[in-house]
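Working through the structure, step by step
So the chains spell out like this:
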Amino acid sequence: MIEEHMSEEPAEESTEPEPDDALHSEAALTAAIEEVCQSKAEEFHLLGYEQVTAVEIWKCVSQKYKEIPPLHRVINDVLTLKTNVFMNWLMIRAYTEAGPDDDQLPSSKPHRS
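Calculation criteria
Residues numbered from 1 in each chain as written. Predicted model: local features only at pLDDT ≥ 70, side-chain atom pairs only at ≥ 80, totals over all residues. Heavy atoms only, no water. Phe/Tyr/Trp six-rings, centres within 6.5 Å; stacked < 30°, edge-to-face > 60°. Helix = DSSP H or I, 4+ residues; strand = E, 2+ residues; numbered from the N terminus. Polar contact = N/O pair within 3.5 Å; in protein donor to acceptor, adjacent residues only side chain to side chain. Contact = heavy atoms within 4.5 Å. Axes fitted to C-alpha atoms, helices over the stretch in contact; angles between N-to-C directions. Parallel < 35°, antiparallel > 145°, perpendicular 65-115°, else oblique. Buried < 20%, exposed > 50% of the residue type's maximum accessible area, 1.4 Å probe, protein only. Arc of directions from axis to C-beta. Salt bridge = Lys/Arg side-chain N within 4 Å of Asp/Glu carboxyl O.

Time to look at the packing of aromatic side chains. The full count for this structure, using the stated rule, is four aromatic pairs. In this structure an aromatic cluster arises from ring pairing among Phe44, Tyr49, Phe86 and Trp89.

Quick look at the structure:
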C-alpha cells in the first residue's frame, strides 16, 4: 500500500517564493505564537492564576529577545515558562512601571486645606 502512494519521480518544488509567501508565513507564525501563549495562559488559569493573559505571557517571554528567534525556540520558551518566573516578572514590572507617588501608602489622616 505504501508503494502505491510513492511516486518514482520526486515532485518538483518551486524555488521561487510567491509574492505573499512571506506575509502568509509571518501571519502563520504569529498565529502559532498566539495559540501557544493562550494555551500557557489557560494552564496558569488551571493553577489558580486566573488573571493571566496570553499578551502578558508573550511580554514576559519576549522581553529577553532582541529579535524574534526561530519558532521552535519561542514555543519552547513559552511552554517551559514557570509560574514563579512569570510572577517575578509581574512584580518587577509593577515596581518599575509605578510612578514616583505610586509607592507611597495612602495617609490615614485627612488632608488639611
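Once the structure has been displayed, the description carries forward.
Tracing the backbone through its elements, the reader meets Glu56 in helix α3 (residues 54–62). Among the polar contacts made by the side chain of Glu56, one reaches the main-chain amide nitrogen of Thr53 at a distance of 3.1 Å. When neighbours within four sequence positions are excluded, Glu56 is seen to be in contact with Gln51, Phe86, Trp89, Leu90 and Arg93.

Between α3 and helix α5 (residues 83–97), the least distance of the axes is 10 Å, while the angle of their chain directions is 90°. The angle between α3 and α5 places the two elements in the roughly perpendicular class. Contact with α3, carried on its side by Glu56, Ile57, Lys59 and Cys60, involves Phe86, Trp89, Leu90 and Arg93 of α5 and no other residues of that element.

The subject of this paragraph is helix α4 (residues 71–79). Quick reminder: α-helices carry 3.6 residues per turn. Residues three or four places apart thus point the same way. Within α4, burial applies to Val74, Asp77 and Val78. Here the buried residues of α4 occupy an arc of 95° about the axis, which is enough to place them on one side.

This part takes up the side chain of Lys40. As for its position among the elements, Lys40 is in helix α2 (residues 21–46). With a relative accessible area of 2%, Lys40 lands in the buried category. With residues near it in sequence (within four places) discarded, Lys40 still touches Ile57, Val78, Leu79 and Leu81.

In this section: the pattern of salt bridges. Side chains that differ in charge, positive against negative, can pair when their charged atoms come close. Summed over the entire model, instances satisfying the criterion amount to four salt bridges. Measuring nitrogen to oxygen at the nearest pair gives 3.8 Å for the salt bridge that ties Asp77 to Lys64. Of the two residues, Asp77 is situated in helix α4 and Lys64 in the loop between α3 and α4; the sequence distance between them amounts to 13 residues. A residue is classified by how much of its surface remains accessible, and Lys64, at 53% relative accessible area, is exposed. Arg93 is the partner of Glu97 in a salt bridge, and the nearest nitrogen-oxygen pair spans 3.4 Å. Of this pair, Glu97 and Arg93 both sit in helix α5, four residues apart, which is roughly one turn of the helix. Since its relative accessible area comes to 23%, Arg93 is described here as partly exposed.

This part is about the environment of Pro70. Its place among the elements puts Pro70 in the loop between α3 and α4. Spatially, the C-alpha atom of Pro70 lies 9.8 Å from that of Leu29, the residues being 41 residues apart in sequence.

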